[in-house]
Amino acid sequence: MLEEISLYRSMLLSRSFELKVAELFSKGVFYGTTHLNIGQEASHVGLVAGLGRKDWLVPTHRCHGFNVARGTSLDKMFSELFGSRHGVCRGLGGSMHMSETSTCNAGSSAIVGSGVPMAMGIAYSFKRRHLDQIGVAIFGDGATSRGAVHESMNLASVWNIPVLFYLENNHYGMSAPAERVVSCKDFSVRAASYGIGYMKVDGNDVLAVRDAARIARKTIMETGRPFLLEADTYRMCGHSKSDARVYRSREEEALWRKKDPITRFETYLLENGILDREGMDGIRKDVEDEVVSMYRKAESTKDDVLSIRELDSYLFAPSSVQWHESGKTHASTYRDAIREALDEILSEDGNAFMLGEDIGLYGGCFGVTGDLYRKHPDKVLETPVSEEAFTQLAVGASMMGSHPIVEIMYADFSTLASDALVNHAAKTYFMSAGQLHCPMIYRAPIGSGTGHGSQHTGNIETMFLNTPGIFVVAPSDAYTAKALLKSANREQNPVLFFEHKGLYSEEGQAGDCNTFLPLGKAFVHGCGGKLLIISYSHAFSTVKKATRGLEENITYIDLATINPLDELTIVCEAERVGRVLVVQDTPLNGSVADSVLSVIARSASLSLKAPVEVIAAKALPIPFSRSLERTVIPTEDEVRAKVLSLLSL
């Protein structure tokens, strides 16, 4: 009886909170938008009641009910809607992103369906550590058309991941009715096609949802397999605050109002003698008073917002990486140095694992992983062709303390994984106000010189230059490649690690297992006073080869990390030398060189002896033809000619 009363109170609390939120948005008190779950309270409360307290949720953007069901304080939720520092996420998340680690709520994804692979990653992290916990991927009928959802169901089935796919079918994907945009009338066929267990429940019956969730969880724990639970429900409100619901009839709404989950449960409580009308009225009044009290508490501090300095503190988690060079080196290629780093990481870090396509017996697309799968069979994991799902899996796993290393065949495919990187990995620490970290590495080969054509040879690292919250690293030689990759694994932040295909076979020196270089720091070579050359990755190698015999006149900066840039080093060296050349393998517009030019123009232009010169790739995709391919990217001859010209001035 006590549980039934608790369920009733929780549903009333969710309804009362959201009615108040709707009222305040209509009056313009709150900024932005919101997505309410009025009418879906049984779906939220029943699910949470059927789960373990340590099971992690990844809700949809219609998330308030899950926070209420998990016990999030209403004053913190109201404060979050005000955008104040007293909110669940200190005002950085808003209505759609109420992460709360203390209640095992990872916060929702505002990108429909993208939370599904993230929840799968959370569950996979639990599996690796043999924990009696599951991840819960919550999504709506509209999200069932997303590729990420299908990729996730396939991967979860193939890898036996203990994730509950919880489908809240409220019959509308925003305004589109499911029967018009979803290819199947029964979602059981979707589950069956992936070999996943399935159950459907009346989502407006809180006890039925609770019992179904318990069965689903028990099944997952006993079988180690994923499960799909569909809750049939209905939102009585619009999709968002400005939705007039013109796409559905008032008759349809009236029919569903008769199935109101709260009204139905009240009938059950009365018929079974659990509560009488007086008791229900008392609970209702207590709930309404609590909502008003919590709102007033939040209103009293609504203008207490974070400062810009505090915002900056949530861009990156604090780094514990120490610059350490033992002085011990050995001959190595760029490829072998990266493999050495991976081997050492997998050997030393119990939380690390690798995942990607063909990284097992095949050895990786460019042979980087080699035979690591033999030495680390439980840590080198081959995936289906599903870049979005397994990259987002890595995001979710990293949030739980795992250290995943993603390998992508070609950096060009980063467009498929960009949602996971840009919208989630880069923003999770910020949006959660430091509650959640994403210590993951994303490795991908960039560049031309292999005759693979335009879609396999892009220097796509520049795509991430204006994404705050991620490190973008592009090493130029074996030494920096190994040392930076080792450091990347010790970061509490996401690191995009771009390896140039044209460097894999280049020979050099690599450090030992105790050599670490800091991310975000440019490396200065030489101290010549006539010319400063700034570059990174393959272009830096081109520069070094092109300037043999001229080194005494030149200072070189290998940027190594291109986001964020080491602006201090750039400015100091530009001011000291006074003449600057930037060389890169990408077109100029929106590139690293553009960023360097901006930094120098802002802070060092008065010290220059001449305008900054740039040698960049032509603004063209990389052509297939060998001869044409070479004309697009800066060559040693082109760089040497420019350097000789500048040194003669």
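For the structure itself, look to the data block above.
Residues numbered from 1 in each chain as written. Predicted model: local features only at pLDDT ≥ 70, side-chain atom pairs only at ≥ 80, totals over all residues. Heavy atoms only, no water.

1. Focus: the sheet that holds strand E17 (residues 531–535)
Then comes step 1: If you trace the five strands from one edge of the open sheet to the other, you get E16-E18-E17-E20-E21, paired in mixed fashion. Looking at strand neighbours, the two that pair on one side only are strand E16 (523–525) and strand E21 (613–615), the edges of this open sheet. Shown here is a sheet whose adjacent strand axes are inclined to one another by a mean of 20 degrees, direction ignored.
Then comes step 2: Here E16 runs beside strand E18 (residues 554–558); their pairing, made up of three bridges, is antiparallel. By the bridge assignment for E18, His525 is matched with Tyr556.
Then comes step 3: Its contacts with the sheet put helix H20 (residues 537–546) on E16, E17, E18 and strand E20 (580–583), and the angle it makes with E18 is roughly 165 degrees.
Then comes step 4: Taken strand by strand, helix H24 (residues 636–647) contacts E17, E18, E20 and E21, and its axis lies near 170 degrees from that of E21. (Pairing = 2+ DSSP bridges. Helix = DSSP H or I, 4+ residues; strand = E, 2+ residues; numbered from the N terminus. Axes fitted to C-alpha atoms, helices over the stretch in contact; angles between N-to-C directions. Contact = heavy atoms within 4.5 Å.)

2. A few points about helix H21 (residues 567–577)
Then comes step 1: Along H21, the residues that are buried comprise Thr569, Ile570, Val571, Glu573, Ala574 and Val577.
Then comes step 2: Where H21 is buried, its residues touch E16, E17, E18, E20 and helix H22 (592–603).
Then comes step 3: The positive-phi residue at the C-terminal boundary of H21 is Gly578, with phi of around 90 degrees. (Buried < 20%, exposed > 50% of the residue type's maximum accessible area, 1.4 Å probe, protein only.)

3. Looking at the environment of His525
Then comes step 1: Summarising the element assignment, His525 is placed in strand E16.
Then comes step 2: For His525, a relative accessible area of 30% corresponds to the partly exposed category.
Then comes step 3: When near neighbours in sequence (up to four residues on either side) are disregarded, His525 contacts Phe540, Ile554, Thr555, Tyr556 and Asp558.

4. Comments concerning the sheet that holds strand E1 (residues 56–58)
Then comes step 1: The five strands are arranged E1-E2-E3-E7-E6 in an open sheet whose pairing can be described as parallel. With one partner strand each, in any of the chains shown, E1 and strand E6 (197–202) form the two edges of the open sheet. The sheet shows a mean angle of 20 degrees between the axes of neighbouring strands, direction not considered.
Then comes step 2: Bridging between E6 and strand E7 (residues 227–232) involves six bridges; their strand directions are parallel.

5. Topic: the packing of helix H4 (residues 74–82) against helix H12 (residues 277–299)
Then comes step 1: Running from N to C, H4 and H12 cross one another at 45 degrees; their axes reach a closest spacing of 8 Å. The orientation of H4 with respect to H12, classified from their angle, is oblique. Relative to H12, H4 is oriented so that their crossing is right-handed. Here Leu74, Asp75, Phe78, Ser79 and Phe82 of H4 lie close against H12, whose contacting residues are Glu290, Val291, Met294, Tyr295, Lys297, Ala298 and Glu299.
Then comes step 2: In the contact of H4 with H12, the residues fall into seven nonpolar, one polar and four charged. (Parallel < 35°, antiparallel > 145°, perpendicular 65-115°, else oblique. Left-handed = near helix turned anticlockwise from the far one by under 90°. Nonpolar A, V, L, I, M, F, W, Y, C, P; charged D, E, K, R; others polar.)

6. Re the nonpolar core
Then comes step 1: Residues Ile161, Phe165, Phe498, Ile534, Leu559, Val596 and Ile600 are the most contacted members of the largest nonpolar core, which totals 120 residues.
Then comes step 2: In terms of residue count, the dominant contributor to this core is helix H5 (residues 115–128) (eight residues).
Then comes step 3: Not counting residues within four places of it along the chain, the set of residues in contact with Val596 comprises Ile534, Leu559, Leu565, Ile570 and Val582.
Then comes step 4: Counting residues in hydrophobic clusters, the runner-up holds 58 residues, among them Ile38, Val68, Ala213 and Ile262. (Core = buried A, V, L, I, M, F, W, Y, C linked by side-chain atoms within 4.5 Å.)

7. Some words on the packing of aromatic side chains
For any pair of aromatic rings, the description consists of the separation of the ring centres together with the inter-plane angle of the planes.
Then comes step 1: Enumeration over the complete set of coordinates arrives at 18 aromatic pairs.
Then comes step 2: Between the aromatic rings of Phe30 and Phe82, the centroid separation amounts to 4.8 Å while the plane-to-plane angle is 75 degrees, which identifies the pairing as edge-to-face. Taken together, the residues Phe30 in the loop between helix H1 (2–26) and helix H2 (41–49) and Phe82 in helix H4 connect sequence positions 52 residues apart.
Then comes step 3: Taking relative accessible area as the criterion, Phe30 reaches 4% and is therefore assigned buried.
Then comes step 4: Three or more aromatic residues joined by ring pairs make a cluster, and in this case those are Phe17, Phe25, Phe30, Phe78, Phe82 and Tyr295.
Then comes step 5: Of note, Lys259 hangs over the ring of Trp256, and the distance from its end group to the ring centre comes to 4.3 Å.
Then comes step 6: A cation over an aromatic ring shows up here: Lys544 above the ring of Tyr556, its NZ or CZ 4.2 Å from the ring centre. (Phe/Tyr/Trp six-rings, centres within 6.5 Å; stacked < 30°, edge-to-face > 60°. Lys NZ or Arg CZ within 6 Å of the ring centre and 35° of its normal.)

8. Thoughts on the pairing of strand E2 (residues 135–140)
Then comes step 1: Across the six residues that make up E2, a large majority, five, are buried.
Then comes step 2: Two elements, E1 and E2, share three bridges in a ladder whose sense is parallel. Looking at the pairing, Leu57 lines up with Val136 of E2.
Then comes step 3: Inspection of the sheet shows E2 paired to strand E3 (residues 163–169) by six bridges, in the parallel sense. Bridge assignment links Gly140 to a residue of E3, and that residue is Glu168.
Then comes step 4: As for the winding sense of the linkage, the β-α-β connection from E2 through helix H6 (residues 147–159) to E3 is right-handed. (Right-handed = clockwise from strand over helix to strand, strands pointing away.)

9. Description of the pattern of salt bridges
Then comes step 1: If you walk through the whole model with that rule in mind, you get 32 salt bridges.
Then comes step 2: Across the salt bridge formed by Arg85 and Glu310, the nearest N and O atoms sit 2.9 Å from each other. One end of the pair, Arg85, is in the loop between H4 and H5; the other, Glu310, is in helix H13 (residues 308–313), and 225 residues separate them in sequence. (Salt bridge = Lys/Arg side-chain N within 4 Å of Asp/Glu carboxyl O.)

10. Brief notes about the side chain of Arg70
Then comes step 1: Residue position: Arg70 is located in helix H3 (residues 64–70).
Then comes step 2: Here Arg70 occupies a buried position and makes no salt bridge, while the nearest side chain of opposite charge, Asp55, is found at 5.5 Å.
Then comes step 3: In this structure the side chain of Arg70 is engaged in a polar contact, spanning 3.0 Å, whose partner is the backbone oxygen of Asp55.
Then comes step 4: At a separation of 2.7 Å, a polar atom in the side chain of Arg70 contacts the main-chain carbonyl oxygen of Thr103.
Then comes step 5: Once residues lying within four places of it in the same chain are set aside, the contact partners of Arg70 are Val48, Leu51, Gly52, Arg53, Asp55, Leu57, Thr103 and Cys104. (Lys, Arg positive; Asp, Glu negative; His and termini not counted. Polar contact = N/O pair within 3.5 Å; in protein donor to acceptor, adjacent residues only side chain to side chain.)

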